[in-house]
Every structure is written in C-alpha cells, then in structure tokens.
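# Per-entry structural report
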Amino acid sequence: MMKKPTTSIEGKNVMVGDLLVNRLLPAESISNVGPFLLLDHGYPVTYKQDALGSQALNEHPHRGLVAFTYVIKGEVEHFDSLGNHEVVSEGGAHWLSAGNGVMHGERVSAGFAQSGGTFHAIQFWANIPANHKNDLPQYKALKADDFPIAQLPNYSGVIRVLLGKCGAIESPVESLSRAFLYRVTLNAKSEFRISTGGDIKSAVFVPNNPVIVNGHLAGESQLVILANDGEEIVLRNPGITKADAFVLGGPEPAETLVVQGPFAMNSQREIADAYRDFFAGKYGAITKLQKA
C-alpha cells in the first residue's frame, strides 16, 4: 500500500550568509519529518569566472543536532572550532555532529568562485537523541565515492545512501536517530518503488526536474510529506532527462524536543544553557580561517 501524500511544501526564501535559499523545514504546517528538523535548498546559482563568490562565513554555533550539507553542484568550504577546514565538491557532503556544542561556518569555496560554474546544494538538520546530546562533537568530509550506490531494477537509475541504511548498503556516517536520507536519480520515463515502513515518517524532496511521488506531481524545490498509512513510496520520472528525488525520514523523536535557533534540546532550560555556554565561549572559536 502506498503512503498517501498529505502536504506539498513550497518553502520560503531566507538569506543564509550571502546565499538565498528555500527553507522547506520547518514550515507552518509541519515542524519536522521524524528526526529531520530543517531543510534548506540552496538554489542553483551560476558564478562567472573570477567571481568573488560568497565569502561570508556565516559563523554560528550548534548543539544537540547533526548538520548535513550535500553538494549537488559546485563546492562548499567548511570551517569549525575543532580545527577542521575542508572543501567538498559535487556529490560530496559535510557531516557535523554537534554533540555538546561546536562553532562552524560554510561558504561557496573561493576556488570554485574563481573557476566559475553552477553552485547547487542542500542542508539538513537532524535531531540527536537525548542520551547523546552531551557527546563530543565530530566532523567528517565525504567525497562522492564515499557514499554507497546501487543500480535500480529495470535500468531505472541509481540510489545513493547518504544517511542510514537501505537494504544491505549503509551510509559511512552514523545515524544515532535512525534518520535515513537517499538520493534517487531516475532515468527518463522510469519508476522506482521503495518501502520505508508503515510507522516511519517520511517525505520526498524534489530539487529540480519534476517527479511524480505516489501519484502527486512534485515540481522544482518542493517537499512532499507522506502519511503513515502505508509502507511504499513510488517515484516516477515523467520527463526525458534524468531527475533527482531525495527520500528522507525516520522515527519521531522519543523525547520532548525544543528547537530554538541553532540548538535542538529537550527543554527550555537546556536551550537557555546552550545559549549561556555559547556566550561564555565554551564552544571554542574558528581560528583556521583561510581561503581555499
């Protein structure tokens, strides 16, 4: 039985540093999809050769959540207070598990802006369960080849496991919240069926070329929320060029969840503690600031 599409979210424009993005989560009608708390879609932007690029780092803290930035086109540069400085390109990702607090910032890399091309990326935040919110922060830079990939039946395309598991293949980064995130690339006029379980909250994000999600046509930068009344998600590409769909979801957080600003905690008191520790400088500082 197919999951019924309940809501189609178009999002709203917000500025993140120097970039205009479409914020699809949280929305007025829904605050989260299982453990996923935020979804920002960085619209495709074309940089001319020798452009200055987005040099604003947008430095900010995180606590109690995982930030996952996936690069569809271009390059994203990452800095954090752990001393990491990495650049990832098309098909790669920055994975930051904030734990008990960290400072980080991201931007279009200066090297990419100078060479020119199309930039296109998405960022997700996922909750860290209460018993892991005091863990030490961790970071990994992931290349496209780091993510497992499988061919779909009937020459329909490919699936990449970015977070969580899908059958026998598993993401290279840990998902404490049992969050899953798949990139499904469908060939022209192709269809793919996947089961996520009847008790699992799930959604499908379509970044560009339209995809039919359980009978609902989803257009550019739309998020389709699915009900828990079935198990199956059917994706169909009606066009004659390849189309992407990001399937995301997981179980609802088992504890009370309070999200405010860049923090995801379990009470207002813990939110206050997170801000207090930030202003006290306990998350460290980004000192390794340099151009790519």
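The rules behind these values
Within each chain, residue numbers correspond to sequence positions counted from 1 in written order. Side-chain atom pairs in this predicted model are given and counted only at pLDDT of 80 or more, local residue features only at pLDDT of at least 70, and totals for whole chains, interfaces and linings cover all residues. Computation of side-chain values: all heavy atoms of the structure, hydrogens and water removed. Classification of residues uses two cut-offs on accessible area relative to the type maximum, computed with a 1.4 Å probe and protein chains only: under 20% is buried, over 50% is exposed, and between them is partly exposed. Put simply, DSSP marks the helices as runs of H or I at least four residues long and the strands as runs of E at least two long, and each gets a number from the N terminus on. Any two strands between which DSSP finds at least two bridges are classified as paired.

## Quick notes on the pairing of strand β14 (residues 157-163)
With 6 of 7 residues buried, β14 lies mostly within the body of the structure. In terms of strand pairing, strand β13 (residues 149-151) meets β14 through 3 bridges, oriented antiparallel. Its bridge partner being in β14, Q151 is matched across the sheet by V158. Count of turn residues in the β13/β14 antiparallel hairpin: 5 residues, of which N154 carries a positive phi of about 60 degrees. As paired elements, β14 and strand β17 (residues 180-186) share 6 bridges and run antiparallel to each other. Its bridge partner lying in β17, G157 is registered against L186.

## A word on unusual backbone geometry
Here the residue pair L25 and P26 is connected by a cis peptide bond, since its omega of -5 degrees sits within 30 degrees of zero. Within the element layout of this structure, P26 appears in the loop between β3 (19-25) and β4 (36-47). Its identity as a non-glycine residue notwithstanding, R178 has a phi of 65 degrees, on the positive side. Checked against the element boundaries, R178 lands in the loop between β16 (169-170) and β17. Assessed through its relative accessible area of 57%, R178 is described here as exposed. Even without being glycine, N214 reaches a positive phi, approximately 50 degrees.

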